[in-house]
Amino acid sequence: MDLESIKAQILSMPEVTAWPELSDLLRRAGSQPSMDWTLPLTACQAVGGDPSYADPAAAAIICMQISIILVDDMLDEDPRGEHLRLGYGRTANLAFALQSAAFYAIGRADIPADRRAAAMSSLASMALATARGQDLDVDSSGGEERYWQVVRAKSTPFYGAALHIGALLGGAEHETAVSLRDLGILVGEVVQIHDDLQDAFQAPAKPDWKRPSNNLAILYAITAEHPDKAQLIELIAKVEDPQALHEAQQILIRCGAVSYCAYHLIRRQRKAQQLLDRISLPNPEPIMDLLSKQTKPLATLMEKAGVD
């Protein structure tokens, strides 16, 4: 997959070409490509499709992910968000435009009409579910049940749709494409937990510390009973101080929050492997490689955090 070529296809859309802020945003985002952008190719290859068939799906996934990030950054009040440079109104318009571009990419794909319709439906379902999840995420109260409700609405539909659409464009049967969508949902949960751990251990403090119910590691640490619970709650109010942040991060390790996240990661990785074993794929290696890559971030993070 030539991501530069796919990015050029997006930039060639007439509306994008005529919108300097949108073109500039896409160019800057494209300078740091995400591995998520290759998910449609992974599914397409797994079902035996020509890799070039995945290009429209990749273009749609690129646009959709950038759109989601723009909105997430505004909701999280992320200090690195585009809204601080462009303003909330313009950033909201860009996010809306990128979602529209995602549908345009699928709509002009040279594929059979029934597969185009199925891919458009999958993309629409993902966009609607993600919007619902982002709305749920505005309310940062609640316990772990609420956390998983938000994750399954906001984080997992993107990964499920990326594999589902890639499989559809690759020529997969309906049942196979749906199974890959289900596997993508598990991948999305794994990615979310990895993100939570990485955000919890970054410095300076990430916005997650201000909304602890939205981060599985921090949520566990403030709700589970352990000797450092009261101290952690006090430290959370002071995490802008590097020393307070470091002490809070050490409590996450001592109280079992990292181990709890690892437990959930392993459960989902095993479920994904069991699901893959039941899917009949002409070329399962790309999916196997995807699953194996999911284990590396945890090992790296635990080593960095000093966990054996």
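Our subject in this report is the structure included herewith. Each chain carries its own residue numbering, running from 1 in the direction its sequence is written. In keeping with the model being predicted, local features are shown solely for residues with a pLDDT of at least 70 and side-chain atom pairs are shown and tallied solely at 80 or more, while totals for entire chains, interfaces and linings include all residues. As a convention, hydrogens and water are excluded, and side-chain values are obtained from all of the structure's heavy atoms.

## Some details on the overall build of the protein
What counts, and what does not: By definition, any uninterrupted DSSP run of H or I lasting at least four residues is a helix, any uninterrupted run of E lasting at least two residues is a strand, and each is numbered from the N terminus. The reference for a compact globule is 2.2 Å times residues^0.38; the radius of gyration itself is calculated from the C-alpha atoms. Working definition: with a 1.4 Å probe on protein chains only, accessible area under 20% of the residue-type maximum means buried, over 50% means exposed, and in between means partly exposed. The contact definition used throughout considers only heavy atoms, calling two residues in contact when any of these lie within 4.5 Å. The method behind every accessible area is Shrake-Rupley, applied with a 1.4 Å probe, and residues are considered shielded solely by the protein chains displayed. In this tally, Lys and Arg are treated as positive and Asp and Glu as negative; His is ignored, and so are the chain termini. Each charge is placed at NZ for Lys, CZ for Arg, CG for Asp and CD for Glu.
Along the backbone of the protein there are 17 helices and zero strands. Here the C-alpha radius of gyration of the protein, 20 Å, is about what a compact globule of 308 residues would show, namely 19 Å. Overall size of the protein, expressed as C-alpha extent along the three principal axes, is 60 × 45 × 30 Å. Evaluated residue by residue, the protein yields a buried proportion of 53% over its 308 residues. For the protein, restricting intrachain contacts to residue pairs at least 6 apart in sequence, the fraction spanning at least 24 positions comes to 71%. Surface exposure of the protein reaches about 14400 Å², of which carbon and sulfur atoms provide 53%. Between the centroid of the 28 positive side chains of the protein and the centroid of its 40 negative side chains there is a distance of 1 Å.

## Concerning the packing of aromatic side chains
Each aromatic ring pair is specified by the distance between its two centres and by the angle formed by the two planes. Rule in force here: To pair, rings of Phe, Tyr and Trp, with the six-membered ring standing in for Trp, must have centres within 6.5 Å; the planes then decide the type, stacked if under 30 degrees apart, edge-to-face if over 60, and tilted in the middle. Only when the NZ of Lys or the CZ of Arg is both within 6 Å of the ring centre and within 35 degrees of the ring normal is a charge said to sit over the ring.
Applying the stated rule across the entire model yields four aromatic pairs. On the basis of an interplanar angle of 25 degrees and a centroid distance of 4.7 Å, the ring pair of Tyr220 and Tyr260 is categorised as stacked. Highlighted residues: Tyr220 in helix H12 (residues 216-223) and Tyr260 in helix H15 (residues 257-278), separated in sequence by 40 residues. Note that Arg268 overlies the ring of Trp148, its terminal NZ or CZ placed 4.3 Å from the centroid.

## Section: the nonpolar core
Defined as follows: Put simply, a nonpolar core is a bunch of buried Ala, Val, Leu, Ile, Met, Phe, Trp, Tyr and Cys residues held in one set by side-chain atoms that sit within 4.5 Å of each other.
Among the nonpolar cores identified, the biggest contains 62 residues, and Leu26, Leu98, Leu123, Ile165, Leu180, Leu183 and Leu281 are the most heavily contacted of them. For this core, the element with the highest residue contribution is helix H5 (residues 55-76), accounting for 11 residues. If we skip the residues at most four places from it in the chain, Ile165 touches Ala57, Ile106, Ala119, Ser122 and Leu123. Membership of the second largest hydrophobic core comes to 29 residues, among which are Val151, Ile193, Ala217 and Val239.

## Some words on the packing of helix H9 (residues 144-154) against H15
To characterise two packed helices, one gives the angle between the axes of the helices and the distance between these axes. For clarity, the threshold we go by: Between N-to-C directions, angles span 0 to 180 degrees; the directions come from axes that are lines fitted to C-alpha atoms, helices contributing only their stretch in contact. Here the word oblique covers every angle except those under 35 degrees (roughly parallel), over 145 (roughly antiparallel) and from 65 to 115 (roughly perpendicular). In this scheme the handedness of a crossing depends on how the near helix is turned from the far one: anticlockwise by less than a right angle means left-handed, clockwise means right-handed. Under this grouping Gly is polar, as are all residues other than the nonpolar Ala, Val, Leu, Ile, Met, Phe, Trp, Tyr, Cys and Pro and the charged Asp, Glu, Lys and Arg.
Contact geometry of H9 with H15 gives a least axis separation of 15 Å together with a crossing angle of 45 degrees. It follows from the interaxial angle that H9 and H15 lie oblique. Handedness of the crossing formed by H9 with H15: right-handed. Side by side, H9 and H15 meet where Glu144, Trp148 and Arg152 of the first sit next to Tyr260, His264 and Arg268 of the second. The residue inventory of the contact of H9 with H15, partitioned by class, reads two nonpolar, one polar and three charged.

## Thoughts on the environment of Gly133
Take Gly133: it is sitting in helix H8 (residues 113-138). Note on Gly133: relative accessible area 0%, which makes it buried. In this structure Gly133 touches Val150, Ala153 and Lys154, once residues within four positions along its chain are discounted.

## Looking at H9
Inspection of H9 places Tyr147, Trp148, Val150, Val151, Ala153 and Lys154 among the buried residues, and these make up the whole buried set. Where H9 is buried, its residues contact H5, H8, helix H10 (156-169), helix H11 (174-200), H12 and H15.

## Focus on the side chain of Asp228
One can find Asp228 in the loop between H12 and helix H13 (229-236). A residue is classified by how much of its surface remains accessible, and Asp228, at 17% relative accessible area, is buried. Apart from the residues lying within four places of it in its own chain, the contact partners of Asp228 are Ile251 and Arg254.

## Structural notes on unusual backbone geometry
Residue Pro204 is bonded to the preceding Ala203 through a cis peptide linkage, with omega at 0 degrees. Residue Glu77 is not a glycine yet carries a positive backbone phi of 55 degrees. Its location among the elements puts Glu77 in the loop between H5 and helix H6 (83-86).

## Re the side chain of His83
Note on placement: His83 falls in helix H6. Ignoring sequence-local partners within four residues, the contact set of His83 consists of Asp73, Met74, Glu77, Asp78, Tyr88 and Thr91.

None of the figures reported here should be taken as evidence of function without further support.
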